[in-house]
Every structure is written in C-alpha cells, then in structure tokens.
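Close look at the chain arrangement
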Amino acid sequence: ALIIQQVAHSNLDKVEFNEIQSIINHITVLNSPWSNGQHNGKILHEGIEYERKIAFQMWDKQNNLLLHSANAPLTALSADPQVINRTDYFNSLIKGKRWRVFSTVTKDQKYIMQVGEQYDIRNELTADISTQFVKSSLFSLPILTILIWIAIQKGLAPLGRITTEVAKRSKENFEAINLDNIPLEIRPLIYSINELLARLKIAFECEQRFTDDAAHELRTPLAALKTQAQVALAADNSNDKAHALEKIIQGVDRASHLVDQMLVIARLEKSSSSKEKINLYQLINELIGQFNAVANEKKLVFNLQGDRDVEVQSDTASLIILLNNLLDNATRYSPDKGEITISVHANDFPELIIGNSGTVIPEQDSERIFDRFYRVPGTSSTGCGLGLSISKRVAEMLNIRLSVVNKTDKTGVIATLIWG
C-alpha cells in the first residue's frame, strides 16, 4: 500500500499504461481466481502461495481500467463512490469473498489506485501457524516436561534433604541446620529457621529449669503438710493437734501462693497486651486496699503521696500483676509496725517508688534477686521466690525500667518503676 501511495504521487502523464500492462501480464503468478488459471489464453505458472489473493488496480476518473494485476477482477475492487475518491481502508465483497481494500487518489486527482487482500489469507496464516505450533508442541512439550521435572527435582533436592533431617530430629534437638550445599536462594530461609531454633532452645531450657525448680519448691510444702498431718493424727491432746492443724493451714497457704505465682508466669508467657491510658496514683491507691488485712495483722502503715494526675500508657491487667507483686513483697519483708511509703512523680518520665522498712538485701545477693525461686538466705518471711522474677518479666513486657536497691541509710529496700 505504501508503494502504491508513492506511485500515486508521481507524474503519470507520460506513462504508457498498455506497455506496463503487457509486462504485468507476463509476470508469473499463481493462477488467477478470475481467469480459471489462464490469462489471455496462456496458462499461468505457480508462484507464491498467497499471490492470487492479493490484487491491485489503477483507474482514471472516467472509470477506465488502466492497470491491474493478473489476478485482479476487471471490475473495481470497490465501486462505491463514497470511498473511491479518498485515501482510506475499507471492506469489500467480491464474488462471495471478503476483501480488505486500500484505495488512494493520485496527487493530481486524475487516477485512483486500489490494492486488495482476501480475508482468507489471514485465516490460512492463522491455521498454518496453529498447525505448526501444535506439531512442534506435540514434539517439544514432552521433552520440556521431562527437562523441567529433572530441573525441579535437582533444585528441590536440598529442601528434601533438610525436610528429612528435620523430620528425624527429636523434640529436644535444637541444633542449627547444616548450611553445606544449600542453594543461595533458600539460605535466608535456613538462617531464619536456625535463629528460631536458637530461640526455642533458650525458651525450652528456661522452661525446663522452671519445671525442675517448681517441682522442688512444691515438694517441700507437700512434705511438710504430710508431716503435720501425721503429727495431728498422732497427737494425744487438743493443743498439739490444733498446733499441727495450724501448720497445715500455713503450708496450704504457701503451696497455694506458689501455684498462683506459677500460673501468673504461665499466663505472662502467652499474653498479648493492649495499652490504654491509666491514672497511676488512682490505681496504686485501689491496690493498697487489697493489703489492708495483712497491714492490720502486722500493724503496717501505708503512706501514699505525690502527683495525683500522673497518667501512663500501659496494659491494665499486666500492670496490676506488677504492682501487686511489688506491694506483696513490701508487706512480706516489712517488720511489724513498719512503714511502706509509695510516691508517684511526673518528672521527665512517670515514676513510681515503693519503699519499705526492714532488712536490706546483702550485697552478694543483689544480682540474683530477680532469679526464679531465689530467696535471700536467712529470710524469715514466707514466700516462694517468684515475686520479683514475675515483676521483672512484666516490666520488660511493658517497657518499664525496674530497679530494686537498698535505701541509702540501710533501713529498707526501694523498688523504682520508670516509664520511658
């Protein structure tokens, strides 16, 4: 179409159309659909397969056919006056065949040139391409499938080895996975799994120690309970029996407190906190009321002071566990008629200080007071050694700095909580 358009803009006045048509008639093409394989009495030889479905014509304004291809009809590819006088593409129906025709007018407006192509060409090309594709696919797809399967098997072999290795491991084996012969693409995954195994190992060891310590701590009060029950059964008088029963009650209280603290630890390991705004002064004042019975029994004095408007962002349930444990420790380790001072301040960061009067922490034990089941040797107060351990764990969860130190005058202990 571009070549025809360029010719249309050339000077055609001096062209001998009869001579050109004679040359065209002798060009070898595929049998014309309009001449039944003949042109001017001559049988045309086969040429390119699709040539007989592509034709061109050249007309003057008097509707005289000046030039045409050997396979073109003698009538216009399109005689519609609406389209033959302008340059455009359009569809035409010739002897039941659909054609796509390009028509253009020469620069001097004297000649009309048209080129047509049958739609069958496109259908044949589509069919040929599809046939060739199907033939090549039938041959190549099985081979490609086998090659892809081999490549996948080879690529996944390291994963299979790792899967077998992990499946054979015992539940106590947290050793890192060997990185030898591991493809670079999955090394980040193996690194992450090894880090997870390391964390699980630490958690497992901590829980193992906790279980062992808990079993040991529970064994003592249970043995004491059994002994006191035997004493009560063997007592000859009511005083001895009453004294043994009182010891049993104390042992039950200690065991119950130990179980409660262990349940708190178990809940902390699985809890998920949701922070909210809390008035610190109001909360600690409410919690003090829960220790009135112990305070009356030991004649303790609570002294709450400080800023009443200090607010913190924290999880209420977890913060209550933390403050309850600190208040419980303060009352347990305060002597009779002692004083517990609590102060709330809004400095650079919210701060809560709980101090009691009584014995101090020996210097050699200051680093171990947060260990599970650890109690300062020689302590006369009842307890299980979990209070400060729980407090430390909760403080870490809530991003609170917790410190427990002796007073400067060695008259007691101070626990300090700082938010921020």
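Placed above this text is the structure.
Remember, it's a predicted structure, so these values are computed and weren't measured experimentally.

**Some thoughts on the side chain of Ser 92**
On the secondary structure map, Ser 92 appears in strand 5 (residues 88-94). Within the structure, Ser 92 has its side chain in polar contact with the backbone oxygen of Leu 77 (distance 2.7 Å). Excluding its chain neighbours within four sequence positions, the residues that come into contact with Ser 92 are Leu 77, Ser 78, Lys 97, Arg 98, Trp 99 and Val 101.

**What about the packing of helix 7 (residues 280-288) against helix 9 (residues 316-332)?**
It is at 10 Å that the axes of helix 7 and helix 9 come closest, and there the two elements cross at 55°. Considering the angle they form, helix 7 stands oblique to helix 9. For helix 7 against helix 9, the interelement crossing comes out right-handed. For the pair helix 7 and helix 9, contact is made by Leu 280, Leu 283, Ile 284, Leu 287 and Ile 288 and by Leu 319, Ile 320, Leu 323, Asn 324 and Leu 327, respectively. Here the contact of helix 7 with helix 9 is composed, by residue class, of nine nonpolar, one polar and no charged.

**Observations concerning helix 9**
For helix 9, with 17 residues, the first-to-last C-alpha span of 24 Å sits near the 24 Å given by 1.5 Å per residue. Of all 17 residues in helix 9, 12 are buried; the element is thus mostly enclosed. Every buried residue belonging to helix 9 is among Ser 318, Leu 319, Leu 322, Leu 323, Asn 324, Asn 325, Leu 326, Leu 327, Asp 328, Asn 329, Ala 330 and Thr 331, and all of these are buried.

**So, helix 7**
Residues three or four positions apart in an α-helix share a direction because the helix packs 3.6 residues into each turn. Here helix 7 has its buried residues at Leu 280, Tyr 281, Leu 283, Ile 284, Leu 287 and Ile 288. The buried residues of helix 7 all sit within an arc of 165° when viewed along its axis, so they share a single face.

**Overview of the sheet that holds strand 7 (residues 111-118)**
On the basis of which strands lie adjacent, the open sheet formed by five strands has the order 4-3-7-6-5 and antiparallel pairing. Looking along the sheet, the strands with just one partner apiece sit at the ends: strand 4 (65-68) and strand 5. For this sheet the average axis-to-axis angle between neighbouring strands, irrespective of direction, equals 25°. Of the pairings in the sheet, the one linking strand 3 (residues 54-60) to strand 7 comprises seven bridges and is antiparallel in character. Following the sheet pairing, Met 58 is matched in strand 7 by Met 113. Where helix 4 (residues 119-167) meets the sheet, it contacts strand 3, strand 5, strand 6 (97-105) and strand 7, and its direction lies at approximately 30° from that of strand 7.

**Examining the sheet that holds strand 12 (residues 350-357)**
In spatial order, the strands read 9-11-12-14-13; together these five strands make up an open sheet with mixed pairing. Single-partner strands in this sheet number two, and they are strand 9 (301-306) and strand 13 (400-406). Looking at each pair of strands side by side, their axes are set apart by 10° on average, direction ignored. Here helix 7 sits on the sheet and contacts strand 9, strand 11 (339-346), strand 12 and strand 14 (412-419); the angle it forms with strand 9, its principal contact strand, is near 175°. Running at roughly 25° to strand 12, helix 9 makes contact with strand 9, strand 11, strand 12, strand 13 and strand 14 of the sheet.

**Here we look at the nonpolar core**
Leu 319, Ile 342, Leu 352 and Leu 417 are the most contacted members of the largest nonpolar core, which totals 38 residues. Looking at this core, the elements with two or more residues in it are helix 7, strand 9, helix 9, strand 11, strand 12, helix 10 (387-397), strand 13 and strand 14. Ignoring any residue separated from it by four or fewer positions in sequence, one finds Ile 342 in contact with Ile 284, Ile 288, Phe 302, Asn 303, Leu 304, Gln 305, Leu 327, Leu 352, Ile 353 and Ile 354.

**Quick look at the pairing of strand 11**
For a regular strand, side chains alternate in direction, first toward one face of the sheet and then toward the other. Across six bridges, the pairing between strand 9 and strand 11 is parallel. In the sheet register, Gln 305 faces strand 11, and the bridge partner there is Ser 343. Relative to strand 12, strand 11 is paired through seven bridges, and the arrangement is antiparallel. If you follow Thr 341 over to strand 12, its bridge partner there is Gly 355. Hairpin connection between strand 11 and strand 12: a loop of three residues separates the two successive antiparallel strands.

The rules we used
Residues numbered from 1 in each chain as written. Predicted model: local features only at pLDDT ≥ 70, side-chain atom pairs only at ≥ 80, totals over all residues. Heavy atoms only, no water. Helix = DSSP H or I, 4+ residues; strand = E, 2+ residues; numbered from the N terminus. Polar contact = N/O pair within 3.5 Å; in protein donor to acceptor, adjacent residues only side chain to side chain. Contact = heavy atoms within 4.5 Å. Axes fitted to C-alpha atoms, helices over the stretch in contact; angles between N-to-C directions. Parallel < 35°, antiparallel > 145°, perpendicular 65-115°, else oblique. Left-handed = near helix turned anticlockwise from the far one by under 90°. Nonpolar A, V, L, I, M, F, W, Y, C, P; charged D, E, K, R; others polar. Expected span 1.5 Å × (residues − 1). Buried < 20%, exposed > 50% of the residue type's maximum accessible area, 1.4 Å probe, protein only. Arc of directions from axis to C-beta. Pairing = 2+ DSSP bridges. Core = buried A, V, L, I, M, F, W, Y, C linked by side-chain atoms within 4.5 Å.

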